[in-house]
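These are the residues of each chain, in order.
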Amino acid sequence: MGSALREVFVRNIAYPHMVEDELSELFDHPQIEHDCRTVLGFTVADIRRVFIALRDLHREAWHARIAAIGRLVELPESIGDEPTDTEHDLIDRARTEWAEAWGRSGTGSTMLPTFDDTVVAGRAAVSPGVVPAIIDLFAVSFEHREPGEAAEEFLTGNSPFRTRPILRAADGSYAVVHEALPTHAIRERVEQQLRTNPGAWNTYQKHRGDYLERAATALIQPHLPGCRTHCAFDYFIPANSTENSPAEYTKLVEGDGLLVLDDIAIVIEAKAVALRPGSRTGKPGPLQLDLRRMVSAASEQGNRMRDRILADHGLRLRDDTWIDLADVREVHVLAVTLDDLSGIATITHEMVNAGLLTQDNLPWVVCLHDLRVVTELVDRPAELLLYLRRRTERDLTQHFRAVDELDYFLHFLAGQLYVDPDPALTRRELPQLPLSNAAARRRRRQRKQVEFIPGLTADIDDWYRYQLDPSAEPAEKPRMHADPAALELIDTLTTNRFPGWLSMTTALLGCSDTTQHDFMNQLAELANATRADNNSHSTGIIGGSRRGNSCLFAAMTSTAGKPTEAYLRRLDLYVRAKKHQMQLDHALGILIDPVTGAVLATVYDNGIPGPDSDLEQLVIDFGLPDPPELRRHRVRGTTDRRTTTK
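From a predicted model like this one, the values you see are computed outputs, not experimental measurements. (Residues numbered from 1 in each chain as written. Predicted model: local features only at pLDDT ≥ 70, side-chain atom pairs only at ≥ 80, totals over all residues. Heavy atoms only, no water.)

On to the sheet that holds strand β10 (residues 364–367). Picture the strands of a sheet paired through backbone hydrogen bonds; they go either parallel or antiparallel. Taken together, five strands build an open sheet; the order of strands is β4-β5-β6-β9-β10 and the sheet is mixed. Edge positions in the open sheet fall to β4 (228–237) and β10, since each of these has one partner strand only. Shown here is a sheet whose adjacent strand axes are inclined to one another by a mean of 35 degrees, direction ignored. Both strand β5 (residues 251–261) and strand β6 (residues 264–271) contribute to a ladder of five bridges, which runs antiparallel. Each bridged residue has a counterpart across the sheet, and for Gly257 the counterpart in β6 is Ile268. Its contacts with the sheet place helix α12 (residues 284–312) against β4, β5, β6, β9 (330–337) and β10, and it is angled at close to 150 degrees to β6. (Pairing = 2+ DSSP bridges. Helix = DSSP H or I, 4+ residues; strand = E, 2+ residues; numbered from the N terminus. Axes fitted to C-alpha atoms, helices over the stretch in contact; angles between N-to-C directions. Contact = heavy atoms within 4.5 Å.)

Attention now goes to unusual backbone geometry. Backbone geometry places Ala125, a non-glycine residue, at a positive phi of 60 degrees. Residue position: Ala125 is located in the loop between α6 (117–124) and α7 (130–138). Despite not being glycine, His313 has its phi angle at roughly 60 degrees, a positive value. On the secondary structure map, His313 appears in the loop between α12 and β7 (314–316).

So, about the sheet that holds strand β3 (residues 174–176). Spatially, β1-β2-β3 is the arrangement adopted by the three strands of the open sheet, whose pairing is mixed. At either margin of the open sheet sits one strand with a lone partner, and together these are β1 (139–141) and β3. Neighbouring strand axes in the sheet, compared pairwise and without regard to direction, differ in orientation by 30 degrees on average. With three bridges connecting them, strand β2 (residues 166–168) and β3 associate as antiparallel partners. Note that in β3 the partner of Ile166 across the bridge is Val176.

A few words now on the packing of helix α2 (residues 16–27) against helix α14 (residues 368–377). For any two helices packed against each other, one specifies the crossing angle of their axes together with the interaxial distance. At a minimum axis separation of 11 Å, α2 and α14 run at an interaxial angle of 115 degrees. Note that α2 runs across α14; the crossing there is right-handed. Contact residues: His17, Met18, Val19, Asp21 and Glu22 in α2; His369, Arg372, Val373 and Glu376 in α14. Taken together, the residues of the contact of α2 with α14 break down into three nonpolar, two polar and four charged. (Left-handed = near helix turned anticlockwise from the far one by under 90°. Nonpolar A, V, L, I, M, F, W, Y, C, P; charged D, E, K, R; others polar.)

A separate point is the side chain of His411. By the element assignment, His411 lies in helix α17 (residues 405–413). Reaching out from His411, the side chain makes a polar contact with the side chain of Glu451 at a distance of 3.3 Å. In this structure, His411 is in contact with Phe400, Gln416, Leu417, Glu451, Ile453 and Leu456, ignoring residues within four places of it in sequence. (Polar contact = N/O pair within 3.5 Å; in protein donor to acceptor, adjacent residues only side chain to side chain.)

Our next topic: the nonpolar core. Core analysis: the biggest nonpolar cluster contains 114 residues, and Phe27 and Leu54 have the highest contact counts within it. Considering every element that reaches this core, the biggest residue donor is helix α10 (residues 198–220), with nine residues. Non-local contacts of Leu54, meaning those with residues more than four positions away in its chain, are made with Phe115, Val120, Ile135, Ile166, Tyr174 and Val176. Core analysis: the second largest hydrophobic core is formed by 22 residues, Ala554, Met556, Tyr567 and Leu591 among them. (Core = buried A, V, L, I, M, F, W, Y, C linked by side-chain atoms within 4.5 Å. Buried < 20%, exposed > 50% of the residue type's maximum accessible area, 1.4 Å probe, protein only.)

This part covers the environment of Ile592. Inspection of the secondary structure assignment puts Ile592 in strand β15 (residues 586–592). The class of Ile592 is buried, set by a relative accessible area of 3%. Separated by 65 residues in sequence, Ile592 and Ala527 place their C-alpha atoms 7.6 Å apart. Ignoring sequence-local partners within four residues, the contact set of Ile592 consists of Met556, Thr557, Ser558, Gly597, Ala598, Val599 and Leu600.

What follows covers the pairing of strand β14 (residues 551–557). Where burial is concerned, most of β14 is hidden: seven out of the seven residues are buried. The alternating pattern of β14 places Cys551, Phe553, Ala555 and Thr557 and Leu552, Ala554 and Met556 on opposite faces, both of which are buried. When strand β13 (residues 538–543) meets β14, the two strands line up antiparallel, connected through six bridges. Along β14, the bridge assignment pairs Ser538 with Met556.

We now examine the confidence of the model for the chain. Interpretation of the predicted coordinates at a detailed level should be avoided for regions scoring low in pLDDT. Overall, the prediction assigns the chain a mean pLDDT of 87, with 91% of residues at 70 or greater. Counted against residues more than four places away or in other chains, residues 637–646, with its pLDDT under 50, gives 39 contacts. (pLDDT = per-residue confidence, 0-100.)

Let us look at the pairing of β15. Within β15, seven of the seven residues are buried, leaving the element largely enclosed by the surrounding structure. With burial as the criterion, each face of β15 is covered, one bearing His586, Leu588, Ile590 and Ile592 and the other bearing Ala587, Gly589 and Leu591. At this point the chain moves from β14, through helix α24 (residues 564–582), to the parallel β15, and the crossover so formed is right-handed. The sheet contact formed by β15 and strand β16 (residues 599–605) spans six bridges and is antiparallel. Within the sheet, the bridge partner assigned to Ile592 lies in β16 and is Val599. Where β15 hands over to β16, the hairpin turn is made up of six residues, of which Gly597 adopts a positive phi near 80 degrees. (Right-handed = clockwise from strand over helix to strand, strands pointing away.)

Before going further, it helps to examine the packing of aromatic side chains. Tallied over the full model, the rule gives twelve aromatic pairs. An aromatic cluster is built from Trp364, Tyr387, Phe409 and Phe412, whose rings are joined through pairwise contacts. If you follow Arg316 out to its NZ or CZ, it ends over the ring of Phe236, 4.0 Å from the centre. Lying over the aromatic face of Tyr567, Lys562 brings its terminal NZ or CZ to 5.0 Å of the ring centre. (Phe/Tyr/Trp six-rings, centres within 6.5 Å; stacked < 30°, edge-to-face > 60°. Lys NZ or Arg CZ within 6 Å of the ring centre and 35° of its normal.)

Of the positions making up α6, those classed as buried are Val120, Ala121 and Ala124. Along the long axis of α6, the arc covered by the buried residues comes to 100 degrees, so they all point the same way. Seen from the buried face of α6, the exposed residues on the opposite side, beyond 90 degrees, are Thr118 and Gly122. For α6, the secondary structure elements touched by its buried residues are α4 (44–74), α7 and β3. Downstream of α6 by a residue or two, Ala125 has a phi angle that is positive, lying close to 60 degrees. (Arc of directions from axis to C-beta.)

In structure tokens form, the structure reads like this:
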């Protein structure tokens, strides 16, 4: 139903300027242009010129009609109570305006403005013979069928106008169904024709896949400043259970993209295949098969790389070089598609129920256009990573429902896309933390009711309209809702790029407004206290709901006359001790200048929790309150601690 409704209700599946950019990347390549000219007799550039001419003629015709109707409406004000010769003239004028409104742009009086080849060719500056060939490719005729058949097809999700958005009459004249449709129809219709030539199709398929991989990586890369990027590479995985180390692996597989920054890795798997017509109508067989090729395959391949990164701490490439990923603690998978999957990708839990995805390690399934919008709207790297964390939560789409990915994203920017953690799960994974309070448990119970997110994209529409047309009504860019002081600290850590900055700024951004506000107030109080007594003071907060996102934020002030390095060493020891005591996954310590409030330095510890006699002694040395239940819940396992200090 989601697939069929997408076809019925979604008219503009992407912003037109983004579709135009995509068409340029896909079809303006010299070899692809040559193949299009061979198969079609013209290029996509020719199609676009003709469609632009049709769009302009369509707009001009409607503007003329509206102006004529306006003049027609004003005519009665000039007519008196008694007929006169002048009034008969006015009636003649009315007939003229009516004819102007409905018969001006075509070969007769029709509801839609109609055009002929000569007019369009002149406006598009193409050969007159090209126009009828393009119209043949994109036109649907009702000469031998009933209009009602097209209406039924449209209402079942199989709209004939998706790939043929031009109506043609028996006399050869034609009209555009809606000016927004032609540009969106180009790629799918041209691809249908290229399939008839195996050589051209194979060349285009490879070019299309390469483009999607490059484009997806290029969108993410600017939001991970300084990241290591690997594109289109082959690496080894075990072929069977007897191959136990990377040096023994013999099975070669492909990776589309990998971006690594500090202890964060983002795996990109790009799927440029398209939904078939049967899938668009919601037929279970074709839809499931297409989603397995697009979504399931991308998820499996992405998680295959994820498993090797976390298990082997690196990847062995085809040429036997080694990508060292020993510091990576968090891996996200992006399954990027060229086709829009609104109404499908937005109900992740249903794809899990259908066996298309597994419950654990869910990918973010997103089309390229939505990914572009998200990356153009985020202001800071932490926003993108936090959205990745939230969007891939197991039960998010069970609590929130939206048709459009961008509705989820705008709900996130408003600070509303958050599911209260399951207290039982938190208690099982983090027994050392206090139980969730009554308010949190009540919110969790209330969230059992699905919250339907209404269409929120009007703000994005307005912003893009203003970006593309300065004469349009000014519109503000949608921005992240968070505590202003916390955002300032996040921006400081991001600018300085202290070790662990991405993981910890994301964790801080993910805290509630109340927690952010309280922590920033604590920092201010530390500075005030140090200015009052010239003694160092410290504070800290603990957060998280599961093992992977548990974290500690600690802060300490320096004092006049004592070297910063001495306080930094003490802060490092304190952070390591407290993190070990609470068995948390990540910890950030911030050294504050009490006079200016500036961040002097940070320490970061992402060591895997586990038994460590040296750290146990640190807990004792710092005199940290350590009730017996905390000691009982120390994680038992191997120690693999990686600490970075700056």
